[in-house]
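# Tertiary structure, described
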Amino acid sequence: MTVDLLVIGAGLSGLMAAVSAANHGLRVKVIAKGMGALHWSAGTVDVLGYLPERASEPVDAPLARLSQLATTRPDHPYVRLGSKMLDTALQRFADLCNDLELPYAGSSRSGENLSLPSAIGAARPVYFAPSAQLSGDLSRTEPMLIVGFSGLRDFYPTLIAENLSKLGHSARAAFLPIQLISDRHDFNTIQLARALDNEKCVQRLAAGLRQVLESGERVGLPAILGLENHTAALAYLQKQVNAPIFEIPTLPPSVPGIRLTTALRRYLEQKGVRVEIGMEAIDFSVRQSPIPNPQSLTSVSTATSARPLEHRARHILLASGGLLGGGFDSDANGRVWETIFDLPLTTPQVRSDWFRPKFLDPAGQPVFQGGIAVNRHFQPVSDSGQPLFDNLWVCGGALAGTDPIRERSLEGVAISTAIAASQQIFSVPTQTT
Amino acid sequence: MFTESWLSVGPSLDECIKCNICTSYCPVSAVTDRFPGPKYAGPQAQRFRENGQVQTPDDSVDYCSGCRVCNEVCPTGVKIAEMNARARAQIASDKGIPIRNRLLGRNELLGKVGSIAPSLANFGLHNPASRVLAEKVVGIAREAPLPRWSRDGTFGAWMKRTANRRLKSEKKVVYFHGCATMYYEPYIGRAAVAVLEHNGYEVIVPSQNCCGLPMLSNGEFGAARHYHENNIRKLGDYVDAGYDIVGTSTSCTLTLKEEAPDLLDMHEGGAHELKMAVWDIFEWLRERLELGELSIDFARLDMVLPYHAPCQGRAHRVGKPALQIMALIPELDVRESRARCCGIAGTYGYKVEKYQIAMDVGEELISYVREQGARVEMTACDSETCRWQLEHGSGHPSRHPIEILAAAYGLYDLEHRLLI
């Protein structure tokens with residue numbers, strides 16, 4: 001069967017593009033080598049936290065700062081999209097999450113970044129956060145009680161409280177016995193979250209919290225408040241404890257990221273979109289044509305236990321990420337390449353050019369700023385700016401012109417370019433093949 | 001000392017970025033402290049397990065069920081399940097193999113012996129007293145869903161008996177039945193033959209051996225190598241003649257394609273050619289469908305059917321072809337399970353110390369079946385031990401999708417498992 005759109009990559013960008021295209025009536029399939037990078041994320045939507053070369057000063061309102069971004073990063077996808085399109089895309093994400101019963105919201109001062117505590121108690125500029133993280137907003141004044149569990153490897157309440165105090169926020173740490181949640185000797189945040197899907201377990205946690213909580217405090221917990229029954233668990237706990245509760249993302253694996261992945265995948269399943277995990281794209285085919293450029297892709301092949309499996313598609317969207325997401329690979333000599341189509345990259349190809357001398361250079365590191373150069377339709381282009389294939393599109397972390405970790409723009413880029421690229425695809429007139 | 005090289009799985013170790021996605025999805029470490037999770041028992045411990053090392057791998061790796069969910073979700077392509085299988089082989093090589101594990105590895109021998117007098121064998125194995133004895137003496141859990149020997153003869157005997165009624169055709173395909181179809185569930189083979197013949201193919205069933213998977217799972221690599229060599233020899237002529245080899249057991253076909261060559265470092269002398277000739281039967285039928293060659297004259301099957309794609313089936317990385325084809329059957333309401341694993345993982349859940357773990361892992365699937373409501377009369381799964389576990393846990397009979405397909409062609413009675 002030939003699908004209208006084959007999406008490669010099951011991170012936020014790939015899944016959002018699939019949602020957008022499926023809602024437009026396209027037959028869509030998603031393939032991915034493994035689970036996507038959302039599993040490593042904080043589950044928030046970071047749009048623009050820092051402008052290039054201004055590392056010490058967080059951005060107050062991302063959409064209002066695009067003109068400043070344009071002066072240093074003229075090729076940034078946001079600059080290409082403009083603030084209106086970016087705003088629309090983000091709003092569509094928030095609306096979708098509402099429908100998925102995993103609501104996300106931003107600052108009460110519309111358009112401004114929230115400031116949320118990170119896993120080590122630093123302030124993180126975030127545009128949209130899941131409901132469970134909102135009460136952690138550092139612009140609020142209630143003192144914070146950061147509660148951890150003895151033996152939980154991936155969450156450090158004392159460190160978080162100390163760092164928040166140094167930033168001028170009132171915060172203290174407390175520990176509860178892990179036995180409130182689990183009788184396991186060895187556990188991770190996922191197992192704890194599954195245990196808290198059970199109301200009885202939430203009740204025990206509430207009883208424990210009431211023991212340590214002082215009046216007027218809000219409670220910061222590791223992000224473990226349920227996987228399947230998260231929304232109910234959060235509401236129930238707030239009610240039982242009678243104090244604002246917020247989750248702080250832990251070290252990976254990320255429960256908030258898994259909740260979002262699962263919600264998006266289930267939505268896609270309901271729309272008849274298959275999301276196939278464990279399928280690594282290794283090859284592609286092009287249509288034989290007397291006109292050499294641009295070429296048309298006919299299929300992508302994935303590795304199986306024996307012969308490659310061919311996925312035929314009218315359009316192909318590459319959402320496999322960059323170096324972090326696995327869309328790019330590199331060797332010890334400094335060569336960096338895109339793994340499926342070997343698309344041209346703007347990334348420096350000599351090892352000594354990857355990094356500036358200073359690790360924390362405010363200008364960032366060149367190796368993380370490179371990516372696939374695209375035209376305004378999100379099609380990858382040759383060095384001379386010509387599209388390489390007439391039915392290949394790129395979105396998300398693979399795009400050139402961003403430095404997503406440093407800018408704190410990973411999710412904003414993923415969502416906005418996914419929606420923009422999918423719109424380009426369904427605006428292509430249907431060909432008769 | 002364990003002597004197999006780590007070549008085919010070793011380099012993937014360096015791809016591990018310690019992201020813990022494998023641990024998040026591991027169905028075993030989710031229910032027990034005995035297995036610390038794929039990242040710890042796999043790539044992390046692997047750093048200390050090079051050839052020539054003094055220490056035997058930590059016993060916790062024996063609690064990996066080998067379901068391969070870790071490989072499926074790993075974003076960087078680390079061959080975690082293979083690392084664990086090799087570590088188990090090293091334990092077996094250093095410490096010896098318990099008699100129980102030797103027994104469980106010998107599907108084919110047990111099948112043959114029991115088939116001499118199946119009623120007697122069934123009574124001998126399945127009466128409560130012998131199950132208690134088997135648990136106490138050998139360590140096979142008394143409640144574990146062991147199969148029963150076929151009382152109306154083996155699949156091989158049926159093929160011989162019906163030889164003059166079998167379709168002759170220019171189009172030919174080789175059938176790899178595996179031990180379970182041969183000795184316990186010959187009706188799966190009969191359904192497969194019926195489906196293949198209905199599509200115009202003459203079915204060739206050459207002499208064949210156990211694929212060796214039970215031995216690979218229990219760390220008996222030497223014996224597994226012997227079996228794989230035999231299969232290469234016995235199937236080689238058909239491979240050379242260009243025939244496709246289809247199998248109904250997703251784990252047997254996975255072993256012939258990938259597990260045996262990778263774990264045993266057997267890529268030459270016909271191993272690669274065999275790998276490339278083997279298909280899961282639904283993978284092969286889907287190929288016929290894509291080419292417009294599959295007969296789709298299905299009768300309606302008005303039922304709700306929870307379907308679980310087994311771990312070893314998903315490990316083929318060909319999607320869920322049985323699901324795709326069953327979706328074409330009118331009125332059949334196939335419900336796709338999202339469960340990671342049924343828990344049994346071949347012989348894992350038979351072992352007394354692992355039985356409860358297997359049941360706890362399987363709860364995800366069993367509760368899924370329960371949630372599908374009162375209209376559910378049976379379930380479907382491509383893998384034999386998973387079907388037995390599904391029946392054990394849910395109380396509903398379980399069928400192979402090939403039986404469902406045979407029934408939709410009007411060739412098969414699903415309830416009594418008989419060709420019509």
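Please read all numbers here as calculations on a predicted model, not as lab measurements.

## Here we look at the packing of aromatic side chains
- For the structure on display, the rule yields 14 aromatic pairs over all chains.
- Here the aromatic rings of Phe341 of chain A and Phe389 of chain A are separated by 6.1 Å at their centres, their planes lie at 55°, and the arrangement is tilted. On the criterion of sequence distance, the pair formed by Phe341 of chain A in the loop between strand S16 (336-338) and helix H10 (366-369) and Phe389 of chain A in the loop between H10 and strand S17 (392-394) is long-range, its members being 48 residues apart. Here Phe341 of chain A matches Phe389 of chain A in class, with each residue buried.
- Judged by centre distance (4.8 Å) and plane angle (75°), the rings of Tyr201 of chain B and Trp284 of chain B are edge-to-face. In this pair, Tyr201 of chain B is assigned in the loop between helix H11 (186-198) and strand S2 (202-204) and Trp284 of chain B in helix H16 (residues 281-290), connecting sequence segments 83 residues apart. Residues Tyr201 of chain B and Trp284 of chain B agree in their burial class; the two are buried.
- Counting every residue linked through ring pairs, the aromatic cluster contains Phe284, Phe341 and Phe389 of chain A.
- One cation-aromatic arrangement involves Lys354 of chain B over Tyr63 of chain B; the distance from NZ or CZ to the ring centre is 4.9 Å.

## Quick word on the pattern of salt bridges
- Under the counting rule described, the total for this entry stands at 52 salt bridges over all chains.
- Here the salt bridges do not stand alone but share partners, grouping Arg68, Glu82, Glu258, Glu259 and Arg317 of chain B into one network.

## A short note on the sheet that holds strand S6 (residues 332-336) of chain B
Residue and element names in this part refer to chain B.
- On the basis of which strands lie adjacent, the open sheet formed by 4 strands has the order S6-S5-S7-S8 and parallel pairing. Every interior strand has two partners, whereas the edge strands, S6 and strand S8 (398-399), have only one.
- The sheet contacts of helix H19 (residues 355-371) involve strand S5 (303-308), S6 and strand S7 (379-381), and relative to S5 the element is tilted by about 165°.

## Thoughts on unusual backbone geometry
- Cis geometry is found at the peptide bond from Pro252 of chain A to Pro253 of chain A, where omega equals 0°.
- One non-glycine residue, Asn20 of chain B, lies in the positive phi region at around 75°.
- Inspection of the secondary structure puts Asn20 of chain B in the segment before helix H1 (21-25).
- Even without a glycine there, the phi angle at Asp265 of chain B is positive, about 50°.
- Looking at where Asp265 of chain B falls in the secondary structure, it is placed in the loop between helix H14 (250-264) and helix H15 (271-277).
- Here Asp265 of chain B falls in the partly exposed class, since its relative accessible area comes to 25%.

## Looking at the domain arrangement of chain B
All names here are of chain B.
- Taken domain by domain, chain B consists of domain 1 (2-95), domain 2 (99-137), domain 3 (155-290) and domain 4 (303-419).
- Just the C-alpha atoms count here: the centres of domain 1 and domain 4 sit 27 Å apart.
- Each partner contributes residues to the interface: domain 1 has 17 residues there, and domain 4 has 14 residues.
- With both sides pooled, the region where domain 1 packs onto domain 4 buries about 1200 Å², and carbon together with sulfur makes up 61% of that total.
- Of the charged contacts in the structure, one is a salt bridge between Lys354 and Asp62, with a shortest N-O distance of 2.9 Å.
- Remark: the boundary between domain 1 and domain 4 carries 5 residue pairs in polar contact (both at pLDDT 80 or more).
- Secondary structure elements with two or more residues in the side of domain 1 that touches domain 4: H1 and helix H3 (69-73).
- When grouped by side-chain class, the residues that make up the side of domain 1 that touches domain 4 number 10 nonpolar, 4 polar and 3 charged.

## Examining the side chain of Gln133 of chain A
All names here are of chain A.
- As for its position among the elements, Gln133 is in helix H4 (residues 131-134).
- Under the relative-accessibility criterion, Gln133 is labelled buried at 2%.
- Among residues more than four places away in sequence, those in contact with Gln133 are Ala42, Thr44, Leu116, Arg124, Phe246, Glu247, Pro249 and Pro256.

## Points about the interface of chain A and chain B
- The partner chain B presents 41 residues to the 32 residues of chain A that form the contact.
- Carbon and sulfur atoms make up 46% of the surface buried where chain A meets chain B, a total of about 2900 Å² over both sides.
- For the interface between chain A and chain B, the tally reads 5 salt bridges.
- Among the ionic pairs, Arg184 of chain A bridges to Asp33 of chain B, the shortest N-O distance being 2.7 Å.
- Our count for the contact surface shared by chain A and chain B stands at 21 residue pairs in polar contact (both at pLDDT 80 or more).
- Of all elements in the fold, only helix H6 (189-195), helix H9 (255-270), strand S11 (274-277) and strand S14 (309-318) of chain A reach the threshold of two or more residues within the side of chain A that touches chain B.

## Digging into the sheet that holds strand S8 (residues 171-176) of chain A
Residues and elements named next belong to chain A.
- Across the sheet, which stays open at both edges, the 4 strands sit in the order S8-S7-S9-S10 with parallel pairing between neighbours. With partners counted over all chains shown, the strands left at the sheet margins are S8 and strand S10 (245-248), one partner each. Pairwise comparison of adjacent strand axes, ignoring direction, gives a mean angle of 30° for this sheet.
- Inspection of the sheet shows strand S7 (residues 144-149) paired to strand S9 (residues 218-222) by 3 bridges, in the parallel sense. Counted as the bridge partner of Ile146 is Gly220 from S9.

## Considering the side chain of Arg265 of chain A
All names here are of chain A.
- Tracing the sequence through the fold places Arg265 in helix H9.
- Put simply, Arg265 is tucked away with no salt bridge, and the nearest opposite charge, on Glu269, sits 4.6 Å away.
- Among all residues touching Arg265, those that are not within four sequence positions of it are Leu15, Met35, Val275 and Ile277.

## Let's talk about the packing of H11 of chain B against helix H21 (residues 401-408) of chain B
All names here are of chain B.
- It is at 9 Å that the axes of H11 and H21 come closest, and there the two elements cross at 50°. As the angle between them shows, H11 and H21 are arranged oblique. Classified by chirality, the crossing of H21 by H11 is left-handed. Between H11 and H21, the contacting residues are Tyr187, Ile188, Ala191, Ala192 and Val195 on the first element and Ile402, Glu403, Leu405 and Ala406 on the second.
- Its residues assigned to classes, the contact of H11 with H21 comprises 8 nonpolar, no polar and 1 charged.

## Let's talk about the pairing of S9 of chain A
All names here are of chain A.
- The buried fraction of S9 is high, at 5 of 5 residues.
- The two faces of S9 match: Arg218, Gly220 and Pro222 on one face and Val219 and Leu221 on the other face are all buried.
- As judged from the 4 bridges shared by S9 and S10, these two strands associate in the parallel manner. Of the residues in S10, the one forming a bridge with Gly220 is Phe246.

## Looking at the domain arrangement of chain A
Residues and elements named next belong to chain A.
- Entries for chain A in the domain assignment read domain 1 (3-38 + 47-97 + 276-426) and domain 2 (106-258).
- One C-alpha centre belongs to domain 1, the other to domain 2; they are set 32 Å apart.
- The partner domain 2 presents 10 residues to the 17 residues of domain 1 that form the contact.
- Across the domain 1 to domain 2 interface the summed buried area is about 890 Å²; carbon plus sulfur atoms make up 60%.
- Summed over the shared surface of domain 1 and domain 2, the number is 0 salt bridges.
- Joining domain 1 to domain 2, the criterion identifies 3 residue pairs in polar contact (both at pLDDT 80 or more).

Thresholds, definitions, all that
- Residues numbered from 1 in each chain as written.
- Chains lettered and ligands numbered in written order.
- Predicted model: local features only at pLDDT ≥ 70, side-chain atom pairs only at ≥ 80, totals over all residues.
- Heavy atoms only, no water.
- Phe/Tyr/Trp six-rings, centres within 6.5 Å; stacked < 30°, edge-to-face > 60°.
- Helix = DSSP H or I, 4+ residues; strand = E, 2+ residues; numbered from the N terminus.
- Buried < 20%, exposed > 50% of the residue type's maximum accessible area, 1.4 Å probe, protein only.
- Lys NZ or Arg CZ within 6 Å of the ring centre and 35° of its normal.
- Salt bridge = Lys/Arg side-chain N within 4 Å of Asp/Glu carboxyl O.
- Pairing = 2+ DSSP bridges.
- Contact = heavy atoms within 4.5 Å.
- Axes fitted to C-alpha atoms, helices over the stretch in contact; angles between N-to-C directions.
- Domains from an automatic or database assignment.
- Buried area = accessible area lost by both parts, 1.4 Å probe.
- Polar contact = N/O pair within 3.5 Å; in protein donor to acceptor, adjacent residues only side chain to side chain.
- Nonpolar A, V, L, I, M, F, W, Y, C, P; charged D, E, K, R; others polar.
- Lys, Arg positive; Asp, Glu negative; His and termini not counted.
- Parallel < 35°, antiparallel > 145°, perpendicular 65-115°, else oblique.
- Left-handed = near helix turned anticlockwise from the far one by under 90°.

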